[in-house]
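What the coordinates show
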Amino acid sequence: MVIRLERVPTPTVAVGGTVAPDADTAVVRGTEPDGADGSTSGGRRRRRIALVLALVAVLVASGASLTAWALIAPPGAVGHDVSYPQCGTALPSSGTFGIVGVNGGKVSTANPCLSTQYAWAARTSSGAALYANTGNPGSISTFYWPASGSRDPALCADRTSPSDPGCAYDYGWHGAKNSLQIAQNTVSGAAGRTWWLDVELANSWNGSTSANAAALQGAVDALRDAGVSTVGIYSTAYQWSQITGGYSSGTAASYRSSWAASFSPKHPMEQAPVWVAGLSTLDAASRNCSTTFTGGTTALAQYTDGSTDGDLVCGASPVTTPPTSTVPTTSTTPSTSTTTSTAAPSTTTPTTTSAPTTTTTAPTTTTTTRTTTTTSAPAGRPTTAPGTPSAVAGNASVALSWTAPVGVKPGWTYTVLRSDPTAPTPAVVSQGLTTTAWTDRTVVNNRAYTYRVAAVAGGGTGPASAPVTATPSAAPGTPTRVTAVTDRAAGVDLAWTAPVVTGGSPVNRYVIMRSTAPGRETGLGILTCRTPTCSWRDAGTARGATYYYQVVALDDANATGPRSPEVVARAR
């Protein structure tokens, strides 16, 4: 599912979990408006989220229930994902599985090539899986939105409120049921396949982060209640954080508390398998297998395989491939230093845990942060490990969260172990923690850090969790010389220069922000540009309409800089 984007009429996309209706917005191939309201609830053109390839080894190591997974392909196996943008094109002849998008770019439409593409996937040795688009467009949705005071199935108290969790849950529930019905009308045994939910900024997210998470919980519950045994989440750490506010195993309890008056989750979302999106090589995908954005087990990692999206089943030893398999989403003109693209910016934010090359040297000593607890630990040594931590890298910081081990007792504390290339032996960096979350602020930017967590009781320290790796990075600077002019043929031409300050990690991607009113720009998508000067034509505009733009630099560590000054142009 690496994204190959294109422009489609009338979508709305968001950054930061909020969206302003926009008459025409660029989106990923595979994403279209959610009806006349202009909202988008679906996805990534190529990241057709659909299958979960899980390995027994991964499940056993993580303590997950084997019955909750569809064991489709072994660790290290690779396959591909496709959807309606691939209609009429040659589908991959290699790979052991196929993932097929059910929707035609939005929740309420069907992929017109679902039958053909599903037949292709079903012929692979490990078979097919499916994925569905998601979103939370709010009351502007023309597909479905509940009435105030209704229970369908959750209580929607105020349909006009962007923070009402019950209304959002109902939308997610009905959207997933609709996607399942589309699949069942086209192929047999759809409920018996693994399903994935596509969660990305190109979808329409008009609610609060808590309500957005509720919409996704509704989708999970609807599919599971309909007999789908495995429902996974496809996203990146950055997009998941922007959309849901960082819902994870460490924060789920607070979300459930805020939802309690409207509904109770039937199938906790943090237990769903994870598919990490990516726009890189197979070896980078292999490293991404050690990351998670929810605390759930990562079963799949995406990469670019020539002109299609490749997907790696996690659980095998790291693999490497030549970088030639990476296909940039923009075209570079050899004779100039300007990269120009007429395709819509990609909305896939790659998740990479590899540390970029750096000459920075950090002290080899380890700083230990001690948090004191007044609760005496009970006797006995913990016999199980905490869940694999979730790590979110920031500027000189890494935020960790994890689930408590099975059998946890009052009084137990946690110790965090850390290692890095300068100190490869795991050492205690924090201890005595009484909660399942902690932020490491003693790290150096652009260096990969690996963390493990262990529970501690009166009888000693229990086994350490599986490792998670994160690379902190300083934020890049602001793009300069941003201009927007009317294109001679149609649309608006946008141009800018790379920021002077990179934050220590290469800046090769930019978030394009757009609106039809000043000061209301929201995320249009992500454009890859590897040259000092970049340009892009916004062809998804309405003739004669005025558009406002901002550009945000996004570095290889997924750190974003400040927005550029606003520019404006009238579309031809």
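All figures in this text were calculated on a predicted structure; none of them were measured in a lab.

This next bit is on the packing of aromatic side chains. In the structure shown here, the tally under the stated rule is 13 aromatic pairs. One aromatic cluster is present, built from ring pairs that chain together Y169, Y247, Y255, W259 and F263.

Read across the open sheet, the four strands follow the order β27-β26-β29-β30; overall the sheet is antiparallel. Either end of the sheet is taken by a strand with one partner, and the two such strands are β27 (522-528) and β30 (567-570). Across the sheet, the mean angle separating the axes of adjacent strands is 30° when strand polarity is ignored. Pairing of strand β29 (residues 546-555) with β30 involves four bridges; the strand directions are antiparallel. Bridging across to β30, Y547 finds its partner in A569.

Enumeration over the complete set of coordinates arrives at five salt bridges. For the salt bridge of R514 with D538, the shortest nitrogen-to-oxygen distance reads 2.7 Å. Here R514 is found in strand β26 (residues 507-515), whereas its partner D538 is found in strand β28 (residues 533-538), with 24 residues between them in sequence. Per residue, the accessibility class of R514 equals that of D538, and both read buried.

With that out of the way, let us pick up the sheet that holds strand β3 (residues 78-82). The eight strands are arranged β3-β4-β5-β8-β9-β10-β11-β12 in a closed barrel whose pairing can be described as mixed. The average angle at which neighbouring strand axes cross in this sheet is 30°, direction not considered. Relative to strand β11 (residues 298-305), strand β10 (residues 274-276) is paired through three bridges, and the arrangement is parallel. Bridge pairing in β11 places V276 opposite A301. Each of β3, β4 (98-101) and β5 (128-133) is contacted by helix α2 (residues 114-122), which is oriented at about 165° to β4, the strand it contacts most. Along the sheet, helix α4 (residues 209-225) makes contact with β8 (195-198) and β9 (231-235), crossing β8 at roughly 165°.

Another aspect to go through is the packing of α4 against helix α6 (residues 252-259). Direction vectors running N to C along α4 and α6 enclose 90°, while the axes themselves pass 11 Å from each other. In terms of orientation, α4 and α6 fall into the roughly perpendicular class. Of the residues in α6, those touching α4 at T209, S210, A213, A214 and Q217 are Y255, S258 and W259. Taken together, the residues of the contact of α4 with α6 break down into four nonpolar, four polar and no charged.

Here we take up the nonpolar core. L130, W195, L223, I233, W240, Y247 and M269 are the most contacted members of the largest nonpolar core, which totals 51 residues. Take this core: its biggest share by element is nine residues, from α4. Setting aside anything within four residues of it in sequence, one finds Y247 in contact with A213, Q217, W240, A252, Y255, R256, W259, M269, E270, F293 and T294.

With that settled, the discussion passes to the state of the cysteines. All chains considered together, the criterion is met by four disulfides. Linked covalently through their sulfurs, C156 and C167 form a disulfide whose S-S length is 1.9 Å. Classification of the bridge connecting C156 and C167 rests on its S-S torsion, roughly 75°, and on that basis the disulfide is right-handed. Highlighted residues: C156 in strand β7 (residues 155-156) and C167 in helix α3 (residues 165-186), separated in sequence by 11 residues. An identical accessibility class is assigned to C156 and C167; each is buried. Put simply, C289 and C314 are joined by a disulfide, and their sulfur atoms are 2.0 Å apart. Taking the sign of the S-S torsion, about -80° here, the bridge from C289 to C314 comes out left-handed. Within this pair, whereas C289 is found in the loop between α7 (282-288) and β11, its partner C314 is found in the loop between β12 (308-313) and β13 (331-332), the two being separated by 25 residues in sequence.

Here we come to the pairing of strand β24 (residues 480-486). Within a regular beta strand, the side chains point alternately toward one face of the sheet and then the other, so they alternate between its two faces. Sheet topology places β24 next to strand β25 (residues 492-497); five bridges connect them, and they run antiparallel. What sits directly across from V485, in β25, is D493. Hairpin connection of β24 to β25: five residues between the antiparallel strands, including G491 at a positive phi of 90°.

With respect to burial, β12 is a largely interior element, six of its six residues being buried. Both β3 and β12 contribute to a ladder of four bridges, which runs antiparallel. Across the sheet, D81 pairs through a bridge with D309, a residue of β12. Across six bridges, the pairing between β11 and β12 is antiparallel. Looking at β12, one finds that T304 is bridged to D309. In sequence, β11 turns back onto β12 through a hairpin of two residues, with G306 there showing a positive phi of about 65°.

Within the secondary structure, P74 is located in the loop between α1 (56-62) and β3. Residue P74 is classed as partly exposed on the basis of its relative accessible area of 49%. In the structure, P74 is positioned 239 residues away from V313 in sequence and 6.9 Å away in space, judged by C-alpha atoms.

Counting all residues, the mean pLDDT for the protein is 77, and 76% of those residues have values of 70 or more. Here strand β1 (residues 5-7) is the element of the protein with the lowest mean pLDDT, 29, and α4 is the one with the highest, 97. Between residues 1-71, whose pLDDT stays under 50, and residues either more than four places distant or in other chains, the model counts 373 contacts. Under a pLDDT of 50 for its full length, residues 319-377 has, in the predicted model, 182 contacts with residues more than four places off or in other chains.

Those residues of helix α5 (residues 237-244) that fall on the buried side of the exposure criterion are Y238, Q239, W240, I243 and T244. Turning to α5, the residues buried within the fold contact α4, β9 and α6. Following α5 by one or two positions, G245 has its phi on the positive side, about 80°.

The rules behind each value
Residues numbered from 1 in each chain as written. Predicted model: local features only at pLDDT ≥ 70, side-chain atom pairs only at ≥ 80, totals over all residues. Heavy atoms only, no water. Phe/Tyr/Trp six-rings, centres within 6.5 Å; stacked < 30°, edge-to-face > 60°. Pairing = 2+ DSSP bridges. Helix = DSSP H or I, 4+ residues; strand = E, 2+ residues; numbered from the N terminus. Axes fitted to C-alpha atoms, helices over the stretch in contact; angles between N-to-C directions. Salt bridge = Lys/Arg side-chain N within 4 Å of Asp/Glu carboxyl O. Buried < 20%, exposed > 50% of the residue type's maximum accessible area, 1.4 Å probe, protein only. Contact = heavy atoms within 4.5 Å. Parallel < 35°, antiparallel > 145°, perpendicular 65-115°, else oblique. Nonpolar A, V, L, I, M, F, W, Y, C, P; charged D, E, K, R; others polar. Core = buried A, V, L, I, M, F, W, Y, C linked by side-chain atoms within 4.5 Å. Disulfide = S-S within 2.5 Å. pLDDT = per-residue confidence, 0-100.

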